[in-house]
Amino acid sequence: MRSTNICIILATYNGAPYIEEQIESIQAQTCQDWILLVRDDGSTDGTVGILASLAAEDERINVLDETRVSSGGAVQNFGRLMEVGLETESCIFFLCDQDDVWEPHKLEAQIQEFPYLGREASSVLVHSDLAVVDAELNSIHTSMVDHMALDVCPSQPFGYLLSRNFVTGCATACNRRLLKEALPIPEGAIMHDWWLAIVASINGTILFKNEPLANYRTHMTN
């Protein structure tokens, strides 16, 4: 596996209709120095074959040799990917869903928010707004934050997070320190992004990039 400071982690499950478009949007980033870690959670459609083909053509794409073995859900799947991510030399980690489309400057825009490029002494989580689109990428709303009426900069983030999550996983980047403090994800955690936000609110900093850096695709199976 090649060495780079940027690690993208992508959990998949029956994502064949959209997975290739998502990965193509990663390959089209203005920042090209990254690795992509993918773990499939036992897909029964063509997802595994698509991933194998893409990985064969791009050495930056690494599919974990754990396909066809279910982890039990998205939280556990992402948790396993985070653990593998910590085995790399990367210091900035991006969470990625299988059915979205990233804006070309997403990586670059969020990387700039890390003062020491992921080597900060305390936990840092950077999340952004998203555009909400339908299955064919037609616009539903230009801002998920407005669409969901989220308070993304609460005065007391930990207290807010006790009742409602304001951090969307596929819009999230975090530093190495946060992953170390958040893992292993406890069994009682509702979602991986919510848990990361809680840990960051206690031990570090949550920063919001007020820009839609990805198209959040809504469809019948997500």
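Anything mentioned here points back to the structure above.
Residues numbered from 1 in each chain as written. Predicted model: local features only at pLDDT ≥ 70, side-chain atom pairs only at ≥ 80, totals over all residues. Heavy atoms only, no water.

### Details of unusual backbone geometry
Okay, step 1: Pro184 follows Leu183 through a cis peptide bond whose omega is -5 degrees.
Okay, step 2: Note on placement: Pro184 falls in the loop between helix H7 (176-182) and helix H8 (192-203).
Okay, step 3: Backbone geometry at Leu117 places phi at a positive 50 degrees, although glycine is not the residue there.
Okay, step 4: The residue Leu117 is located in the loop between helix H4 (106-111) and strand E6 (123-133) in this model.
Okay, step 5: The phi dihedral of Ala149 is positive, around 55 degrees, even though this residue is not glycine.
Okay, step 6: Looking at where Ala149 falls in the secondary structure, it is placed in the loop between helix H5 (144-147) and helix H6 (157-161).
Okay, step 7: Among the residues examined, Ala149 registers a relative accessible area of 57% and is labelled exposed. (Helix = DSSP H or I, 4+ residues; strand = E, 2+ residues; numbered from the N terminus. Buried < 20%, exposed > 50% of the residue type's maximum accessible area, 1.4 Å probe, protein only.)

### Comments concerning the pattern of salt bridges
Okay, step 1: Inspection of every chain in the model, using the stated rule, returns six salt bridges.
Okay, step 2: Asp58 is paired through a salt bridge with Arg60; the nearest N and O atoms lie 2.9 Å apart. The two residues Asp58 and Arg60 agree in class, both being buried.
Okay, step 3: Where Glu181 meets Arg177, a salt bridge forms, and the shortest distance between an N and an O atom there is 3.0 Å. One end of the pair is Glu181 and the other is Arg177, both in helix H7 and four residues apart, which spans about a single turn.
Okay, step 4: For Glu181, a relative accessible area of 27% gives the class partly exposed. (Salt bridge = Lys/Arg side-chain N within 4 Å of Asp/Glu carboxyl O.)

### Thoughts on the environment of Leu117
Okay, step 1: The exposure class of Leu117 is partly exposed, given its relative accessible area of 41%.
Okay, step 2: Residues Leu117 and His141, spaced 24 residues apart in sequence, show a C-alpha to C-alpha distance of 32 Å.
Okay, step 3: Every residue in contact with Leu117, bar those within four places of it in the chain, is listed here: Asn5, Cys91, Ile92 and Ile111. (Contact = heavy atoms within 4.5 Å.)

### Side note on the pairing of E6
Okay, step 1: Of all 11 residues in E6, 11 are buried; the element is thus mostly enclosed.
Okay, step 2: In the sheet, E6 pairs with strand E9 (residues 204-217) via 10 bridges, with the strands oriented parallel. Directly across from Ala131, in E9, lies its bridge partner Asn215.
Okay, step 3: The sheet contact formed by E6 and strand E8 (residues 172-175) spans three bridges and is antiparallel. Note on E8: the bridge partner recorded for Leu125 is Cys174.
Okay, step 4: Strand direction decides the pairing type here: E6 and strand E7 (residues 139-141), joined by two bridges, are antiparallel. Looking at E7, one finds that Val132 is bridged to His141.
Okay, step 5: Between the antiparallel neighbours E6 and E7 lie five residues, among them Leu137 with a positive phi of about 70 degrees. (Pairing = 2+ DSSP bridges.)

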